[in-house]
Amino acid sequence: MDLENYKQIPNSLEEHWMPFTANRDYKENPRLMVKAEGVYYTDHHGTKLIDASSGLFCSPAGHSRPEIREAVSNQLEQLDYVQPFQQGYGGSFELARLVSQHTPEDLNKIFFTICGSSAVETAIKTAIAYFKAKGEGHRSHIVGRERGYHGMNIGGISVGGMVANRKTFSNILMPNVHHLRHTHLSENKFVKGQPETGSELADDLERIAMNIGPENIAACIVEPVAGSTGTLVPPKGYLKRLRKICDKYGILLIFDEVITGWGRTGEPFASQAFEVTPDIMTMAKAITNGVVPLGAVASKEKIYDTIIEASPSGAIEFFHGYTYSAIPVSMAAGLAMQKIIKNENLFQRAKDMSPYFLDNLFSLKDLDIITDIRGYGMMGGIDIRFDERPGKAGYACFKKLFEAGLSLKATGDCLIVAPPFICEKHHIDEIIEKLRKGINLYMKDQ
Ligand SMILES: Cc1ncc(COP(=O)(O)O)c(C=O)c1O
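From a predicted model like this one, the values you see are computed outputs, not experimental measurements.

Conventions adopted
Residues numbered from 1 in each chain as written. Predicted model: local features only at pLDDT ≥ 70, side-chain atom pairs only at ≥ 80, totals over all residues. Helix = DSSP H or I, 4+ residues; strand = E, 2+ residues; numbered from the N terminus. Rg over C-alpha atoms; globule rule 2.2 N^0.38 Å. Buried ≥ 20, exposed ≤ 12 C-beta atoms within 10 Å, placed from the backbone. Contact = placed C-beta atoms within 7 Å. Pairing = 2+ DSSP bridges. Axes fitted to C-alpha atoms, helices over the stretch in contact; angles between N-to-C directions. Near = placed C-beta within 6 Å. Nonpolar A, V, L, I, M, F, W, Y, C, P; charged D, E, K, R; others polar. Domains from an automatic or database assignment. Expected span 1.5 Å × (residues − 1). Arc of directions from axis to C-beta. Right-handed = clockwise from strand over helix to strand, strands pointing away. Parallel < 35°, antiparallel > 145°, perpendicular 65-115°, else oblique. Left-handed = near helix turned anticlockwise from the far one by under 90°.

Peer 1: Can you help me understand the overall build of the chain in this one?
Peer 2: Looking only at helices and strands, one finds 15 helices and 15 strands in the chain. The globule rule puts the C-alpha radius of gyration for 446 residues at 22 Å, and the 22 Å found for the chain is close to it. Counting all 446 residues of the chain, 48% fall into the buried class. Considering only contacts within the chain whose residues lie at least 6 apart along the sequence, 72% involve residues at least 24 apart.

Peer 1: Looking at this model, I keep getting lost on the sheet that holds strand E7 (residues 217–222). Mind explaining?
Peer 2: One key point about sheets: their strands pair by backbone hydrogen bonds, in either a parallel or an antiparallel sense. Strands sit in the order E4-E10-E9-E8-E7-E5-E6 across an open sheet of seven strands; the sheet is mixed. The open sheet has two edge strands with one neighbour each: strand E4 (109–113) and strand E6 (177–180). The sheet shows a mean angle of 20° between the axes of neighbouring strands, direction not considered.

Peer 1: In this structure, what is going on with the site of the ligand? I would like to understand it.
Peer 2: Taken together, 14 residues form the shell around the ligand, and within it Cys115, Gly116, Ser117, Gly151 and Val258 come nearest. Broken down by element, the residue count for the shell around the ligand peaks at three residues, all from helix H5 (residues 116–133). For the shell around the ligand, the residue count by class is six nonpolar, six polar and two charged.

Peer 1: Help me understand the pairing of strand E12 (residues 379–384) in this model?
Peer 2: It is a general feature of regular strands that their side chains alternate between the two faces of the sheet. A large share of E12 lies buried, amounting to five of its six residues. Bridge count between E12 and strand E15 (residues 414–417): four bridges; the pairing is antiparallel. For glycine 381, the partnering residue across the bridge sits in E15 and is isoleucine 416.

Peer 1: It is not clear to me how unusual backbone geometry should be interpreted in this structure. Could you clarify?
Peer 2: Where the residue is not glycine, phi is negative for most of them; where a peptide bond is considered, it is trans in most cases. Within the chain, serine 54 stands out as a residue other than glycine whose phi angle is a positive 50°. Secondary-structure assignment places serine 54 in helix H2 (residues 54–57). Since 31 C-beta atoms lie within 10 Å of it, serine 54 is described here as buried. The phi dihedral of phenylalanine 57 is positive, around 65°, even though this residue is not glycine. Note on placement: phenylalanine 57 falls in helix H2.

Peer 1: How should I be thinking about the domain arrangement of the chain in this particular structure?
Peer 2: Accessible area lost on assembly of the parts is the figure often given for the size of an interface. Once the domains are mapped, the chain shows domain 1 (3–61 + 345–444) and domain 2 (69–343). With centres defined by C-alpha atoms, the gap from domain 1 to domain 2 works out at 26 Å. Of all the secondary structure elements, the ones that give two or more residues to the side of domain 1 that touches domain 2 are H2, helix H13 (346–362), strand E11 (370–376), E12 and E15. Considering each element in turn, the side of domain 1 that touches domain 2 owes the most residues, seven residues, to H13. For the side of domain 1 that touches domain 2, a count of residues per class yields 18 nonpolar, eight polar and five charged.

Peer 1: Sorry if this is basic, but what is going on with the sheet that holds E12 here?
Peer 2: Spatially, E11-E12-E15-E14 is the arrangement adopted by the four strands of the open sheet, whose pairing is antiparallel. Of all strands in the sheet, those with a lone pairing partner are E11 and strand E14 (409–411), marking the two edges. On average, adjacent strands in this sheet sit at an angle of 20° to one another, irrespective of strand direction. The sheet contacts of H13 involve E11, E12 and E15, and relative to E11 the element is tilted by about 175°. Together, E12, E14 and E15 form the strand contacts of helix H14 (residues 392–403), whose direction differs from that of E14 by roughly 170°.

Peer 1: How should H14 be read in this particular structure?
Peer 2: Note on helix geometry: an α-helix contains 3.6 residues per turn, so any two residues three or four positions apart are oriented the same way. The end-to-end C-alpha separation of H14 is 17 Å, in line with the 16 Å expected for 12 residues at 1.5 Å each. Among the residues making up H14, those that are buried are Ala393, Gly394, Cys397, Phe398 and Leu401. The buried residues of H14 occupy one face: seen down the axis, they fall within an arc of 135°. Where H14 is buried, its residues contact E12, strand E13 (406–407), E14, E15 and helix H15 (425–444). Immediately downstream of H14, the backbone of glycine 405 shows phi near 90°, a positive value.

Peer 1: Explain the pairing of strand E8 (residues 252–256) to me, please; I cannot follow it from the model alone.
Peer 2: By the criterion of burial, E8 is predominantly enclosed, with five of the five residues buried. Burial along E8 is two-sided: Leu252, Ile254 and Asp256 and Leu253 and Phe255, pointing in opposite directions, are all buried. Examined bridge by bridge, E7 and E8 share four bridges and lie parallel to one another. Pairing of isoleucine 221 across the sheet is with isoleucine 254, part of E8. Considered for its hand, the β-α-β crossover made up of E7, helix H9 (residues 238–249) and E8 is right-handed. Across three bridges, the pairing between E8 and strand E9 (residues 280–283) is parallel. Bridged to isoleucine 254 within E9 is isoleucine 280.

Peer 1: Looking at this structure, I do not really get the packing of helix H3 (residues 66–78) against helix H12 (residues 328–343). What am I missing?
Peer 2: Between two packed helices, what matters for the description is the angle formed by their axes and the separation of those axes. Between H3 and H12, the least distance of the axes is 8 Å, while the angle of their chain directions is 150°. Compared by their axis directions, H3 and H12 come out roughly antiparallel. Considering only the axes of H3 and H12, their crossing is right-handed. Across the interface between the two elements, Glu67, Ile68, Ala71, Val72, Gln75 and Leu76 from H3 touch Pro328, Val329, Ala332, Ala333, Leu335, Ala336, Met337, Lys339 and Ile340 from H12.

Have a look at this one:
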């Protein structure tokens, strides 16, 4: 096979150890994508598949945007790489300025990372560094939440709450981490939007604080809407209650907005949708429309000022950063995405399409194999009835959906639906029709 043909069919599937993939099963019958445009992928058989999860929540503006392609290509011609330590490049300052116009209140200090996982590690380290700089080094405990997903590094899996991601590494997780209970009550099955009940689950933070001493807790980190475990929507009042408890005890609130950020809720960030401002916020994915890896952490000005002012002038204030922090190509993609967001009023599009999307998603309720549906904004989760072991039903269903011409993400036994914001109503119709078809194919095999 000549070199060019790897784009269609690789010479060998053996050497690439694929992430979060059933490698043996995949390599027997690979699903290779060769093209992406708008809201469609094309696989190596030439079959068109509709993208029902925006890649991995990455591509709200649709695929193959010429604006981003051109910006990245022009950037590569001009300045391909610059070391981000003690040197700079104008694009990062401009993107930070634009990002800070979307973040709530004074979360105006933007630290660029490589991805969502590195944004989470950065957020945790920022909280710890802040308290050290303030002379409150005793604040070293972090509170996360069950069913939370915060990426795959040690900090992220420690504060996260997905057992499959944690159990192999249980003996090397970060110390001093505690978990709130997750927010999905069984009485809230098939509730569209925010459930009425369950806000008292936020009081878990106070219980933990009373157990170890609130003065020892640095931060509480949650996804405003838990994305990877299938759109667990916070009960009404829950996030406000969490904010109140943090304020009462001087605990920093971190929102991990890697999925919910950049319009998924119909507002720039979930923070604005739920009217709760965290102290630190992470983001990634859609910040470049998924085209180039990039994450970011937005911190309140007082956090930045405290850390900066704790060091003498001329000294590095925060010993943290990555080789690929704010590299020119990611900044160019981010800047181009900012233009798209503005010119196409992308967040408003998501907000306008959300009721149609959710109504149609919930119309699948009649399928016997579905045990729960949840949704908010342009994100939804469908639980498939458990079969033998966790993930078996979800994966089998995912394969049938692929057969039916639909690409999405399945986590465990949950199908994650998060359409691009550029979807028209007929695209939503197609997604729902193919979900029904694929789930029916799966049911026939049972
Ligand atoms: C809420 C949240 N945080 C962090 C991450 C990790 O992001 P990445 O895969 O870019 O490292 C993800 C990824 O899905 C996420 O959903």
